[in-house]
Amino acid sequence: MALPIYASPLERVWHYAYIVICVAVFLFLISPILIVIPLSFNAEPYFTFTEKMLTFDPAGYSMRWYDSLLTLGMQAPEAPRDGAWWSDAWTNATWVKAAKNSLIIGFWATVMATVLGTLAALGLSRPEMPYRRLIMAILISPMIVPIIIIATGLFFFYSNPCAILGTQCGRLTSTYLGVIMAHATLGIPFVIITVTATLSGFDQSLIRASASLGASPRTTFFKVIMPLILPGVISGALFAFVTSFDEVVAVLFIAGPDQQTIPRQMWNGIREAISPAILAVATILVVISIALLATVELLRRRSDRLRGVTGV
């Protein structure tokens, strides 16, 4: 934004000082994240910049740590990279299995969180809903309560859920269902907040108009409500997926050996065998996060346009 021609010298000084402060804060926040990216291409097994890297010597850079994401845990990593090699990597590679678990758990946790969170937001948006503030506070409490407390509670509940409820059934710990439900619990608040924000500009008279024209509640939901709140629903789903994809504390408490996710594998790598491969995974996750955040921003702008909000 350009300064007006009538701005005083003091206003001009403050304008440029404000820009400098914003840039400094941005660099302070983003530098710890960006520094990981060049380190992931280090040719040496170190977490520091080598002399060759600082002098931009091509010999100081390598893709070896990205390659190790495919070879770690394989039965024959040195074999020719044909169909059998890729099958071995898909089946046995440690990081590949962790990625598959993260995607499977993240997908179903996102579906569950999106459905339940959207329904909750629709109910809380109704003016006749009693105790809306109390219910909202309870539903978004997983965002406020420390994750270690939530993980501990989920562990004791999932260890023998039916005994707590007075019935007989198996435990949910060390199962995919248990991890998915735990991640959905953490993702629901994000869906509720984003969908509720979208519904804040929703005209309730559209529902009455649809009903007056003979539309059923189901038709009204899918033809009137859903198209208008879809950007908020997708944004909430993306936040829920990122929450599941990055979650490690709940996985440490609930997941078993077969439910190793990428964050859990990174945790194990830091504790057991420190390797720059962790930096390669971190770089990939940073790129994915940036892409998802850009998608959320585009959806937010589209939602504002649909609601008639100008001046983004």
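Please refer to the structure placed before this passage.
Residues numbered from 1 in each chain as written. Predicted model: local features only at pLDDT ≥ 70, side-chain atom pairs only at ≥ 80, totals over all residues. Heavy atoms only, no water.

K.L.:
Just checking my understanding: could you explain a nonpolar patch on the surface for this structure?
P.N.:
Taken together, Trp14, Tyr16, Tyr18, Ile19, Ile21, Val23, Val25, Phe26, Leu27, Phe28 and Leu29 make up a surface patch of nonpolar side chains, about 1,200 Å² in accessible area. Here Ile21 is to be found in helix α1 (residues 9-34). The partly exposed category is assigned to Ile21, whose relative accessible area is 45%. (Patch = residues over 30% accessible without salt bridge, like charges linked within 9 Å, V, L, I, M, F, W, Y side chains within 5 Å. Areas by Shrake-Rupley, 256 points an atom, 1.4 Å probe, with all protein chains shown as cover. Salt bridge = Lys/Arg side-chain N within 4 Å of Asp/Glu carboxyl O. Helix = DSSP H or I, 4+ residues; strand = E, 2+ residues; numbered from the N terminus. Buried < 20%, exposed > 50% of the residue type's maximum accessible area, 1.4 Å probe, protein only.)

K.L.:
What am I meant to see in the environment of Leu70 here?
P.N.:
Summarising the element assignment, Leu70 is placed in helix α4 (residues 64-71). For Leu70, a relative accessible area of 24% translates into the label partly exposed. When neighbours within four sequence positions are excluded, Leu70 is seen to be in contact with Trp85, Trp86, Ala89, Ala93 and Val96. (Contact = heavy atoms within 4.5 Å.)

K.L.:
Explain the packing of aromatic side chains here, please?
P.N.:
The relative placement of two aromatic rings is captured by the distance of their centres and the angle of their planes. Evaluated as defined, the whole model comprises 10 aromatic pairs. Aromatic side chains Phe190 and Phe239 sit 6.3 Å apart centroid to centroid with 20° between the ring planes, which places their arrangement in the stacked category. Placement of the pair is Phe190 in helix α11 (residues 176-199) and Phe239 in helix α13 (residues 217-246), with a sequence separation of 49 residues. Its relative accessible area of 28% is what places Phe239 among the partly exposed residues. Sitting over the ring of Trp90, Lys100 keeps its end group 4.5 Å from the ring centre. (Phe/Tyr/Trp six-rings, centres within 6.5 Å; stacked < 30°, edge-to-face > 60°. Lys NZ or Arg CZ within 6 Å of the ring centre and 35° of its normal.)

K.L.:
Would you mind showing me how to read the pattern of salt bridges here?
P.N.:
Pairing between side chains becomes possible if they bear opposite charge and their charged atoms approach one another. One pass over the structure, following the stated rule, counts 1 salt bridge. Residue Arg81 pairs with Asp67 through a salt bridge whose shortest N-O separation is 2.6 Å. With Arg81 in the loop between α4 and α5 (83-92) and Asp67 in helix α4, the pair connects residues that are 14 residues apart, well separated along the chain. Since its relative accessible area comes to 44%, Arg81 is described here as partly exposed. Residue Asp67 is classed as partly exposed on the basis of its relative accessible area, which comes to 27%.

K.L.:
Please explain the packing of helix α12 (residues 205-212) against α13 as it appears in this structure.
P.N.:
Working note: a packed helix pair is described by the angle between its axes plus the distance between those axes. One way to put it is that α12 packs onto α13 with a least axis distance of 10 Å and a crossing angle of 160°. Relative to α13, α12 is oriented roughly antiparallel. By crossing handedness, the relation of α12 to α13 is classed as right-handed. Touching Leu206, Ile207 and Ser210 of α12 are Thr220, Val224, Ile225 and Leu228, all from α13. (Axes fitted to C-alpha atoms, helices over the stretch in contact; angles between N-to-C directions. Parallel < 35°, antiparallel > 145°, perpendicular 65-115°, else oblique. Left-handed = near helix turned anticlockwise from the far one by under 90°.)

Everything listed here is a matter of coordinates, which is why it stays silent on function.
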